[in-house]
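Listed below are the residues making up each chain.
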Amino acid sequence: MSTKLPAPLSVDSAYDTIDLSQIVLSLKRRARLIAAIMAATTLVALLQALAATPQFTASGALYLGDAHAPAAPPPDGGNGLNFLADYATEGDVETQIELITAGTLVENAVLETGLNAQIRPAGTPPLTYWRWRLFDHGDMSSFSPVPDTLEALYATTPGRYRLVVGENGNYDLYSKRSWLGQPRHILQGQLGKPASGNGVQMLVRPADPAYKPEPGKAYDLTVTSPAALAEALQNGALSVTPGGSAMLPTQIAFLQFRWMNPYQAQCFVNQVMQDYIATQLSWKTQSASTTEDFVSEQLKNISAELADADRSLSSYQSQTGIIDVPQNAQAIINQLAQYQTQRTMLQLQRDALRRLADNLQHSQGPLNPYLVSQTNDTVLSSLTTNLANEELKLSNLQAQFTGAAQNVQVEEAQVTELEHAILTTVNNDLAAADGNLANLDGIISHFQDEIKQMPAESLKVIALQRSTDVLGQLYVLLMEKQEEARVSKAATIINTRIVTPASMPLKPTSPKVMVTVLFGALLGLIIGVGLTLGRRAFSGRFESEEQIRLAVALPIYGAIPRYTKGDITASIFGAPGRSAFSESFHILCRSILTTGVPGKPMVILITSPGKEDGKTTIAANLAKNLADSGKRVVLVDGDLHRSRLQQLFRFGSGPGLVEWLVTGIRPEIHNWPHEDFKIISAGTKRLPSRELLKEERLLSIFWKLRTEFDYVILDSPPLPTVSDGLILGGFADLILSVVSVSRSSRRALNIHNELIDTLNRPHGIIINEVEPEHYGGNDDYFLSATIHRDRVAGWFRLDRT
């Protein structure tokens, strides 16, 4: 039989092109999937935000008055000499900031504020954002200590404990019950006093000192390692940044600390600032404190020796009756006491000089002014003052220029020269002090020899009187030195100040529910779009009508727009009236009518490369449209293994094509409800799995159908899934393969076409589920009269006369 095939609609190239409009259409087709993923990720994000522990940020500011502010780089017009001008940001301000965040300082603040020891009444669930919003109504005052709040300070042993309050402010601490045993008693303590036992130490106290806890009340205590917590805080929760710009920071340091309790966050920031100031003051008064401690210890010893000497002198005088020593002996004693005092002063001076020399040789920072003052050398004092000024100039120059700059090298030479001069002066003073001490030791030894030549009865009282006088003068001297050290400490001024004390935060920093929810929705959108585009790229399926047109070199008989179906029994033929869906079948029918030989019956096989490509719906609609054009049409359900028509429409339990093949008896041909074409069902029996279709019976069946009908529409199972299509295709005058957008596999279609080519039958393509917009899906042609009239009336009105 010769047939005339319509020309292909579009076969321009053998490869796919990227079309953004097709990508948009793919996203529109998967809009429900994308929306479902967005809803899921949004819900997860919302639940995560509600279940999160709220975080609050406390802030404070310090004035680093003792830090040298870096100088601004001069505008040199880009001559390249100040390409390291950004070193200005790495001056003393940065050093001070690093000291603030030093591990020991932060760890001490953690212990002093009890940040690592969270204690709450037993059975209290962990605080979450939704609990705070629901039960506390988001009130910040709910974090403030209440009368029954306890604080655990200086806790160093990590663990989970149970604290039970007893009588008279006592308490017992137990380890929490574990899976392996019963709770163990750790220690017994008293509120407000340090307690230790079994390697555990802490100070537990009420937040309100006047509060008396109720006996028997239990608390849960969780202690984390202070060192580990301090390290974790330095890596994220605690930040210290300089004020000003990146090129020129100011001497203001801003502290920010994020924590789950705003009251604790406030206390911690203030404690860090106070500890830093105390540490700075301690460092600046370290030399004076060391001297004071030394002098105080010497005073204590000399005071005890002086008391013993006075007692011994009084006792000896009462026993011997010798009250006074000879006049010449008294003069020697007085002179000896003065020399002993001078010797002590020289020893203190030599100690100060040795420490200065060690400081210069090991570059231990600026010279201590207190040590310089103890040398009693005006030349040395002048040199150290000049050195401090030159070092400040050098620091400013190094912040502006490189080390190769001439002015920096000149200033470095001046600083080196001053350091050498100071070291020479110190060494000379040390040598002089050693010589003076040796001379004094000789003089003292001479006077002691003279005393030994006194009368025997006076030697004892002379010795006792000498000890008393010498110790008395030494005591007075050390008292003066102690007072000098105290004055030096009191006169030490530290310019670091707390500019802005931390206050209790007014709102949580996190979670930000709206931001989290929006992020979850955005993440879901990205995932949904990614999955859609990934499926489009890697699924091996056709994702657009253009891809199908470019992939096959066969006549395209029609393109069926995608139709949203609810109940298939009510909508298989589309909505009543004209639509893009119904018009596409009119076009398909015209293509078929012009293909066949006029007046000659035609068997059309409808098949597909996959089982969900829509061939059954297309077969039924094709039969309806051919029947509406006045043709005698019968729809034969040729899917004998998995009948889609019988499954959907339930035409009863009567015999069908299977029974006709097995028995040779023609079954009853039913009318399609409310339509003008007939249908032969697949039948009630199943074709034996090993039995192929009998071609002799099929030849007879189709010969009889050709005599009664103009068109025999044969709904075939998918090929290559089931081989029945090859047998049925041998009796067809035209084979139409349904290829569905986003459903049909490229590989399956290739195999499908290769198999059909072996039949040497006319073969064409029907593209299913194309985008309705490409075929006027929302055009005015397909609107109802009322909608059409309203839309036109919105633009202009025609007057009727």
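Everything here concerns the structure above.
The rules we used
Residues numbered from 1 in each chain as written. Predicted model: local features only at pLDDT ≥ 70, side-chain atom pairs only at ≥ 80, totals over all residues. Heavy atoms only, no water. Salt bridge = Lys/Arg side-chain N within 4 Å of Asp/Glu carboxyl O. Helix = DSSP H or I, 4+ residues; strand = E, 2+ residues; numbered from the N terminus. Buried < 20%, exposed > 50% of the residue type's maximum accessible area, 1.4 Å probe, protein only. Patch = residues over 30% accessible without salt bridge, like charges linked within 9 Å, V, L, I, M, F, W, Y side chains within 5 Å. Areas by Shrake-Rupley, 256 points an atom, 1.4 Å probe, with all protein chains shown as cover. Pairing = 2+ DSSP bridges. Polar contact = N/O pair within 3.5 Å; in protein donor to acceptor, adjacent residues only side chain to side chain. Contact = heavy atoms within 4.5 Å. Phe/Tyr/Trp six-rings, centres within 6.5 Å; stacked < 30°, edge-to-face > 60°. Expected span 1.5 Å × (residues − 1). Axes fitted to C-alpha atoms, helices over the stretch in contact; angles between N-to-C directions. Parallel < 35°, antiparallel > 145°, perpendicular 65-115°, else oblique. Left-handed = near helix turned anticlockwise from the far one by under 90°. Nonpolar A, V, L, I, M, F, W, Y, C, P; charged D, E, K, R; others polar.

As for the pattern of salt bridges
By the definition in use, this model includes 13 salt bridges. A salt bridge links D434 to R350; the nearest nitrogen and oxygen atoms lie 3.4 Å apart. One end of the pair, D434, is in helix α12 (residues 406-452); the other, R350, is in helix α9 (residues 327-361), and 84 residues separate them in sequence. On the accessibility criterion, R350 (22% relative accessible area) is partly exposed. Two residues, K615 and D715, come together in a salt bridge whose shortest N-O distance is 3.1 Å. Of this pair, K615 sits in helix α18 (residues 615-628) while D715 sits in strand β18 (residues 711-715), placing them 100 residues apart in sequence. Pair check on accessibility: K615 and D715 agree, each one buried. Taken together, the shared-partner salt bridges in this structure form one network comprising E612, R743 and E769.

Some remarks on a nonpolar patch on the surface
A cluster of nonpolar side chains, namely F519, L523, I527 and L531, defines an oily patch on the protein surface of about 370 Å² accessible area. Here L531 is to be found in helix α14 (residues 513-538).

Considerations on the pairing of β18
Counted residue by residue, β18 has five buried out of five residues, so it is predominantly covered. Neither face of β18 is open: one carries Y711, I713 and D715, the other V712 and L714, and all of them are buried. Alignment of strand β14 (residues 602-607) against β18, held across five bridges, turns out to be parallel. In the sheet register, L605 faces β18, and the bridge partner there is L714. Note: strand β15 (residues 633-637) against β18, five bridges, orientation parallel. Bridge pairing links V634 to V712 in β18.

Structural notes on the side chain of T42
Take T42: it is sitting in helix α2 (residues 31-51). For T42, the side chain forms a polar contact with the main-chain oxygen of M38, separated by 2.6 Å. When residues no more than four places from it in sequence are discounted, the contact partners of T42 are V517, G520 and A521.

Digging into the environment of L62
Examined against the element boundaries, L62 turns out to sit in strand β1 (residues 56-63). The buried category is assigned to L62, whose relative accessible area is 0%. For the pair formed by L62 and L255, sequence separation is 193 residues and the distance between their alpha carbons is 7.9 Å. The residues contacting L62, other than those within four sequence positions of it, are I100, Q251, I252, A253, L255, M273, Y276, I277, T496, R497, I498 and V499.

Focus on the packing of aromatic side chains
By the definition in use, this model includes nine aromatic pairs. Seen in terms of ring centroids, F56 and W132 are 5.7 Å apart; in terms of plane orientation they differ by 90°. Their pairing is edge-to-face. A residue pair is termed long-range when its members are at least 10 positions apart, and F56 in strand β1 and W132 in helix α5 (residues 129-135) qualify at 76 residues. Taking 6.1 Å as the distance between ring centres and 55° as the angle between the ring planes, the aromatic pair formed by W130 and F135 counts as tilted.

Observations regarding helix α17 (residues 580-593)
Taking 1.5 Å of rise per residue, the 14 residues of α17 would be expected to cover 20 Å, and the 20 Å separating its terminal C-alpha atoms lies within 8% of that figure. On its buried face, α17 is in contact with β13 (556-561), β14, α18, β18, β19 (734-740) and β20 (763-770).

Topic: the packing of α2 against α14
Where α2 meets α14, the closest approach of the two axes is 7 Å, and the angle between their N-to-C directions is 150°. As far as their axial angle goes, α14 and α2 are roughly antiparallel. In this structure, the crossing between α2 and α14 has a hand that is right-handed. Seen from α2, the contacting residues are I34, I37, M38, T41, T42, A45, L46 and A49; seen from α14, they are V513, T516, V517, G520, A521, G524, L525, I527, G528, V529, L531 and T532. Residues that form the contact of α2 with α14 fall into these classes: 13 nonpolar, seven polar and no charged.

Details of the sheet that holds β14
Within the open sheet, the eight strands sit side by side as β13-β20-β19-β14-β18-β15-β17-β16. Their pairing is mixed. Taken across any chain shown, the strands that pair with only one partner, and hence form the sheet edges, are β13 and β16 (670-671). By the bridge criterion, four bridges tie β14 to β19 in an arrangement that is parallel. Its bridge partner lying in β19, T607 is registered against S737. Helix-sheet contacts for α17 involve β13, β14, β18, β19 and β20, and the interaxial angle to β13 is about 170°.

By themselves, these observations are geometric and do not establish any function.
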